[in-house]
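# Structural overview for review
Below are the chains, spelled out letter by letter.
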Amino acid sequence: MFSRTADKQFQGVVLDITTHQPIPFVHFSYAKRKGFVSNEKGAFQIIEPFESIKVKVSAIGYISQTIDLKPNKKEVIYLDNNIEQLNEVELVLIDQKKELLKRVI
């Protein structure tokens, strides 16, 4: 006989490490192909039969991390900003007609 492991609740919230404000729509991926998303207030809840879940937590503009979620405990996950300094970009408009005239003259 097989005994089914009782389902367990995994829940928590994802916050910005600097501001302590909720991060909306954070993506969680686990077990190679499974995943879920937090709500607009950064809160999440999932029910699984596992003793723990190793999840990758990611959000645009933040550094991803991998953590172990434990059941029946409200997790508070802090993500750090992923700030990248971009090089200056210069846009130049070249009028093709004027360039052609310069070449002809």
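Residues numbered from 1 in each chain as written. Predicted model: local features only at pLDDT ≥ 70, side-chain atom pairs only at ≥ 80, totals over all residues. Heavy atoms only, no water.

Residues Phe28, Ile77 and Leu79 are the most contacted members of the largest nonpolar core, which totals 18 residues. The set of elements that each furnish at least two residues to this core consists of strand S1 (8-16), strand S2 (27-30), strand S4 (43-48), strand S5 (53-58), strand S6 (65-69) and strand S7 (74-79). If you tally residues by element for this core, the top one is S5, at three residues. (Core = buried A, V, L, I, M, F, W, Y, C linked by side-chain atoms within 4.5 Å. Buried < 20%, exposed > 50% of the residue type's maximum accessible area, 1.4 Å probe, protein only. Helix = DSSP H or I, 4+ residues; strand = E, 2+ residues; numbered from the N terminus.)

Once that is clear, we can look at the packing of aromatic side chains. Considering all chains together, one arrives at four aromatic pairs under this definition. Ring centres of Phe28 and Phe36 lie 4.6 Å apart, and the angle between their planes is 5°; on these two criteria the pair is classed as stacked. By relative accessible area, Phe28 is classed as buried at 0%. For the pair Phe28 and Phe44, a centre-to-centre distance of 4.6 Å together with 45° between the ring planes defines the contact as tilted. Taken together, the residues span a long stretch of sequence, with Phe28 in strand S2 and Phe44 in strand S4 at a distance of 16 residues. With respect to class, Phe28 is no different from Phe44; both count as buried. Members of the aromatic cluster, each reached through a chain of ring pairs, are Phe28, Tyr30, Phe36 and Phe44. (Phe/Tyr/Trp six-rings, centres within 6.5 Å; stacked < 30°, edge-to-face > 60°.)

Don't take any of this as a statement about function, it's just geometry.
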